[in-house]
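The chain contents come next:
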Amino acid sequence: MSEKSIWKPFWSFHIQSTERWIEEMAKKGYTLSRFQPKLSRFTFTEEASSHETFAISFDRSRQHPLPKALEADGWEVVNKQGKWAIYGNGKQKEEVKTSIVRDNLESRNSRIAILWWIYFLYIIFSISLQVTLLLPLYLHMDPDTVTRVESPMWIFTYIMFIVQIVVTLIGIYSLIALKKESRRLSEERNQSQTLFHSEEKPIVLLGKRRKKLKLGWNYSPDKFEKWLEEQERSGWHLTQVKKGGVLFQFQKSDTKLYSYCILFEGRADSNAHSFHSEAGWERVYVSGASWQQWSIWRQAYSEGAEKPKINDDPETKRKAAMRVTKIHTLMFAPIILIFGFNFFSFMLPDALEQGYFSLSGIERFNTTVYPLVMFIFFTNILRAWAYYFRVRTQ
Amino acid sequence: MTANTDKVIKKYVPMSETAFYILLSLFKQPQHGYGIVKYVEGITSGRLKLGSGTIYGTITKMLKDHLIVVYANEERKKTYEITELGKVVIKQEMTRIEELYTNAIAHWEGEGNE
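Residues numbered from 1 in each chain as written. Chains lettered and ligands numbered in written order. Predicted model: local features only at pLDDT ≥ 70, side-chain atom pairs only at ≥ 80, totals over all residues.

Asks: Would you mind going over the pairing of strand β2 (residues 30–36) of chain A with me for this structure?
Replies: Successive residues of a regular strand alternate their side chains across the two faces of the sheet. Residue and element names in this part refer to chain A. Inspection of the sheet shows β2 paired to strand β3 (residues 41–46) by six bridges, in the antiparallel sense. Of the residues in β3, the one forming a bridge with Thr31 is Thr45. Counting the residues in the hairpin turn of β2 and β3 gives four residues, including Ser40, whose phi is positive at 55°. (Pairing = 2+ DSSP bridges. Helix = DSSP H or I, 4+ residues; strand = E, 2+ residues; numbered from the N terminus.)

Asks: Is there a simple way to think about the pairing of strand β4 (residues 53–58) of chain A in this case?
Replies: Residues and elements named next belong to chain A. Among the six residues of β4, six are classified as buried, and the element is accordingly described as predominantly covered. Bridge count for β4 against strand β6 (residues 84–89) is six bridges, and the pairing is antiparallel. The partner of Ser57 across the bridge, within β6, is Ala85. (Buried ≥ 20, exposed ≤ 12 C-beta atoms within 10 Å, placed from the backbone.)

Asks: Got a minute to help me understand the sheet that holds β6 of chain A in this structure?
Replies: Note on sheets: strands pair through backbone hydrogen bonds, and any given pair is parallel or antiparallel. All names here are of chain A. In spatial order, the strands read β4-β6-β5; together these three strands make up an open sheet with antiparallel pairing. Of all the strands in the sheet, just β4 and β5 (75–81) have a single pairing partner and so form its edges. Strand after strand, the sheet turns through a mean of 25° between neighbouring axes, direction not considered. Sheet analysis places β5 next to β6, joined by six bridges and oriented antiparallel. By the bridge assignment for β6, Val77 is matched with Tyr87. (Axes fitted to C-alpha atoms, helices over the stretch in contact; angles between N-to-C directions.)

Asks: Would you explain the domain arrangement of chain A in this entry?
Replies: Interface size, as often reported, equals the accessible area lost upon joining of the parts. By the assigned domains, chain A splits into domain 1 (3–100), domain 2 (105–140 + 152–189), domain 3 (198–310) and domain 4 (323–393). For domain 1 of chain A versus domain 3 of chain A, the separation of C-alpha centres amounts to 43 Å. (Domains from an automatic or database assignment.)

Asks: How should the packing of helix α3 (residues 103–139) of chain A against helix α4 (residues 154–189) of chain A be read in this particular structure?
Replies: Two measures define how a pair of helices packs: the angle their axes make with one another and the distance between the axes. Residue and element names in this part refer to chain A. Where α3 contacts α4, the two axes come as close as 10 Å, and the packing angle between them is 145°. The hand of the α3/α4 crossing is left-handed. The residues of α4 that touch α3, namely those facing Glu106, Asn109, Ile112, Ala113, Trp116, Tyr119, Phe120 and Ile123, are Thr168, Gly171, Ser174, Leu175, Leu178, Glu181, Ser182 and Leu185. Residues belonging to the contact of α3 with α4 are distributed by class as follows: nine nonpolar, five polar and two charged. (Left-handed = near helix turned anticlockwise from the far one by under 90°. Contact = placed C-beta atoms within 7 Å. Nonpolar A, V, L, I, M, F, W, Y, C, P; charged D, E, K, R; others polar.)

Asks: Help me understand the packing of helix α2 (residues 17–27) of chain B against helix α3 (residues 33–43) of chain B in this model?
Replies: Residues and elements named next belong to chain B. Contact geometry for α2 and α3: axes closest at 9 Å, N-to-C directions at 100°. Taken together, α2 and α3 sit at an angle that is classed as roughly perpendicular. On α3, the residues that touch Tyr21, Ile22 and Ser25 of α2 are Ile36, Tyr39 and Val40. (Parallel < 35°, antiparallel > 145°, perpendicular 65-115°, else oblique.)

Asks: So what exactly am I meant to see when it comes to the UniProt feature "transmembrane region" (unreviewed entry) in chain A here?
Replies: All names here are of chain A. The feature "transmembrane region" (unreviewed entry), as annotated in UniProt, sits at residues 112–135, 155–176, 327–348 and 368–389 in this numbering. Counting secondary structure, residues 112–135 comes out at 100% helix and 0% strand; the distance between its end C-alpha atoms is 34 Å. Each end of residues 155–176 is marked by a C-alpha atom, and these two atoms are 32 Å apart; helix forms 100% of the span and strand 0%. (UniProt positions renumbered as here; feature names shortened; annotations may be inferred.)

Right under this line is the structure:
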């Protein structure tokens, strides 16, 4: 019996084609006998495979459960290796009705992508820091000579440089591959799930229209929900949200009761969105980014009926509000600290010592703008906390 | 009963009405998300209309604790199925509710005889 060991780097970034490849191998008479996910190694033995269809599952809890419905459909867990497992089915692909759900895999992939983004932000930050430090040196009228001291230690510099380049290349490749993979996985998932994209619906523009500019609604979403509901009650129907969620277009129409809900998710969760959509909610707006995603939902209801809410129990509501408050605090607090440090330890003493009007233009600008920005950011944090306490005491 | 089962029971019993009805709707057959909403609305004669965010949050939590599992059905719709652990947990909760019920009825009838 001959064995064949194959190294397949980045196999987990192309899960569907990896599955198909294992199926091809099975067809050729090779059975997967050993699976080393961390080493990207697949070992096959030359014997007839008892499975024709394969699925690879990722489960952080390492449990790899087999739902009864999958078992009844012929699935079994063939090979379990830590967080990864291979599920096999003796039937042909066309005859297999059920499939595994890849939510865990998708969130794992997006976590990896975020780690790479952090890496690249760090690289950009350190390069720009070096440029700002070294550029004056290059631009200097009479260039300082830099002496290179011979040392065997230079080899480490070169090695580190090569390592850094290789890591960066892997990072670029990973990000591109993950982007494509997430599209493939969401295509696979969306074969049945329907999400009403009201932003893509053709808009019939009849009657009176008006536009309203609304900034900063995400610091007190509850107030904005009320405002939108009032617009509907006074006969202004929201038709479109433009310019990244600040321009709201209304159209004069019959008064209708609508319940509006604003959702915030740390990581875009299209499963949750199709869930709400299935439950009768219409998504009128969703922010573009795949993390820190805001969305606005609405549902019509009749007079006398209970007003529907996406989050209707106190605990879920409180948790959702805390997410909003936390993200604003985490986003603005560090900036306020850095600005505050600069302002109170350099700018303010300077301004007091030399007098505001004897400062240079740029210094005067900074001394004015810094406290203003700090104040605005601080009010944003306060508004977010006020929102949280309003939800909590409800 | 393993240590993990005990831990999960401690976490879920007593459980919220939402959690109870979600598990109950999966007790006899697997359901997809909106199926749960409709089922619960049906058996409570329309009294309990669960918000989709609330259900989604509860389901996510139960998946993490392995009370339920998920798979995609023929139409590739996500379908939830109760696990053995989930059954143990809801049976515990049912026993607790049964006690509540018998005690409630006993006192109710007692009042009627006065």
